[in-house]
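Survey of secondary and tertiary structure
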Amino acid sequence: MPTVRPYESYVYAYPHKTAYRPLPERPALRELWAAEPKSALSLYLHIPFCEVRCGFCNLFTRIGAPEELTTRYLDALDRQAVAVRDALGDDEPVRFAAAAFGGGTPTFLTAAELERLCDIAEKRMGADLLAVPLSVETSPSTATADRLAVLADRGTTRVSIGVQSFVDAEARAAVRPQRRAEVEAALGRIRDARIPVLNIDLIYGIDGQTERTWLTSLDAALAWRPEELYLYPLYVRPLTGLHRLGAAAGPEAEALEQAAWDEQRLRLYAVGRGHLLAHGYEQVSMRMFRRADAPQEGPEDYACQTDGMIGLGCGARSYTSALHYSFDYAVDMREIRSIIDRFTTTEDFSRAEVGRYVDAAEARRRHLLQSLLQATGLPLDDYRARFGTDPRADFPAELARFADRGWLDAQAPEGLMRLSPLGLAHSDALGPALFSPGVRAAMAAYERK
């Protein structure tokens, strides 16, 4: 059996944004959402600003903001929210089951600007932030007491902080300027704010990282008893700072390092997984671990496989059952600045600009992919009830390959398809293996910018 690279692509949504294209007909949002269920929507507000850009980051974000840019951005976000809420209509109740502020770094905004962001979610969109789970991303330098106080007062139930490493030398290697003392101080302020769920992001596979230093970071995080921990493998993506550094070393050196790097990441993943399981954490997905006694942060009645999402902001995406749409996507800083500038001057937000239609076959793929990548797996009855077919009949070749590689749990209860521990470890190979030929072709043809 041919060797499979365990780290092909981090699959956080399907289809990926690089498969999106400009929509010539620019469909009206009112028409797109007219027949969509609206009783359990997810709301996402995107803030595309950071104080620094880490070497591994390919998110849609820019460094800093010239004077008045955040004000102009929030003005545009307000206009967009008014247009989107109008498009959702009032023929049936519109209810949001979850909300999130992401980026970038939402806490790049001042405390007063965070108040305004919450007002946009509540007063424009109608989300009851005190009644639904609200997750907010932050960073060590922007998790200040005044910002956290606003978030706590407005109903934030989860704060996710990107630490990546508690070892200063590793942070520098990842082009992330921070010191452990600053990180610890920020974590103290988050705990003082009494927000119910703390998530800490850590990265493995950093240059110079060893099992010993990886355990140092894990133990430093565990000292705060976070309700959640995300363990991310390091990726070096095109147009990022680390990619430019690696390209300078030459293609041969890069190729020679790849196999050893894959082995290192798999080894560190196994060390991290075992360490967290031994300390009372449950594995939710390849990346996510939750403390066994932690409160359930997410809504019980929202499922990303079936329910819609409303994304506000120039880096956000929205999902209907037939179309995934967003604004333009870029990684290069100059392109990102240009897209943000266009967003801030947009007056008409009533139409979808860029996206990809999702037909019945793609909907099946998406449901299978997003279910399998969770440790709980896919209840076959749920799939049959939604599509009228069985996934084993819809995807026989793919599932047979997964079974041959030991990625499917042969001991799963009757009626449940789930990954084995080996399959979870290879999630970043399994996910891309479920991409359709059409999506693969669109991603391959995407011109990076």
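Just so you know, these numbers come straight off a predicted model, no measurement behind them.

Further remarks concern the overall build of the chain. Secondary structure assignment for the chain yields 17 helices and 17 strands. Counting only residues that meet the buried cut, the chain has 55% of its 449 residues in that class. Sequence-distant contacts, at least 24 apart, represent 78% of the contacts inside the chain between residues at least 6 apart.

Turning to the pattern of salt bridges, a few remarks are in order. Under the definition given, this model contains 27 salt bridges. For Arg265, the salt bridge is made with Asp262, and the minimal N-O distance between the two is 2.7 Å. Remark: Asp262 and Arg265 occur in helix α9 (residues 251-278); sequence separation between them is three residues, near one turn of the helix. The two residues Arg265 and Asp262 agree in class, both being buried.

Turning to the environment of His367, a few remarks are in order. As for its placement among the helices and strands, His367 is situated in helix α11 (residues 360-372). Judged by relative accessible area, which is 7%, His367 ranks as buried. Spatially, the C-alpha atoms of His367 and Pro391 are 9.7 Å apart, while their sequence positions differ by 24 residues. Within the structure, His367 has its side chain in polar contact with the side chain of Arg386 (distance 3.1 Å).

What follows deals with the side chain of Ser436. Tracing the backbone shows Ser436 in the loop between α16 (427-433) and α17 (437-445). Judged by its relative accessible area of 7%, Ser436 is buried. Ignoring any residue separated from it by four or fewer positions in sequence, one finds Ser436 in contact with Tyr14, Glu362 and Arg365.

The side-chain alternation of strand β11 (residues 288-291) yields two buried faces, one formed by Met288 and Arg290 and the other by Phe289 and Arg291. Strand direction decides the pairing type here: strand β9 (residues 228-233) and β11, joined by three bridges, are antiparallel. Bridge pairing in β11 links Tyr230 to Met288. Here strand β10 (residues 281-283) folds back onto β11, and the loop between the two strands holds four residues.

Here we take up the pairing of β9. The side chains of a regular strand alternate, residue by residue, between the two faces of the sheet. In terms of residue burial, β9 counts as a mostly covered element, since five of its six residues are buried. Regarding topology, helix α7 (residues 211-222) serves as the crossover connection from strand β8 (residues 197-204) to the parallel β9, and that connection is right-handed.

With that settled, the discussion passes to helix α10 (residues 333-345). Between its first and last C-alpha atoms α10 spans 19 Å; for 13 residues at 1.5 Å apiece the expected length is 18 Å, and the two agree. Along α10, the residues classified as buried are Met333, Ile336, Ile339, Ile340, Phe343 and Thr344. Buried residues along α10 cover an arc of 135° about the axis, so they all sit on one side. Exposed residues pointing more than 90 degrees away from the buried face of α10 are listed as Arg334 and Thr345. In the core, the buried residues of α10 are packed alongside β4 (62-63) and α2 (69-88).

Our focus in this paragraph is the confidence of the model for the chain. Looking at the chain, the pLDDT average stands at 90 and 90% of residues meet or exceed 70. For residues 299-303, every residue scores under 50 in pLDDT, and the model assigns this stretch 14 contacts once sequence neighbours within four places are set aside.

What counts and how
Residues numbered from 1 in each chain as written. Predicted model: local features only at pLDDT ≥ 70, side-chain atom pairs only at ≥ 80, totals over all residues. Heavy atoms only, no water. Helix = DSSP H or I, 4+ residues; strand = E, 2+ residues; numbered from the N terminus. Buried < 20%, exposed > 50% of the residue type's maximum accessible area, 1.4 Å probe, protein only. Contact = heavy atoms within 4.5 Å. Salt bridge = Lys/Arg side-chain N within 4 Å of Asp/Glu carboxyl O. Polar contact = N/O pair within 3.5 Å; in protein donor to acceptor, adjacent residues only side chain to side chain. Pairing = 2+ DSSP bridges. Right-handed = clockwise from strand over helix to strand, strands pointing away. Expected span 1.5 Å × (residues − 1). Arc of directions from axis to C-beta. pLDDT = per-residue confidence, 0-100.

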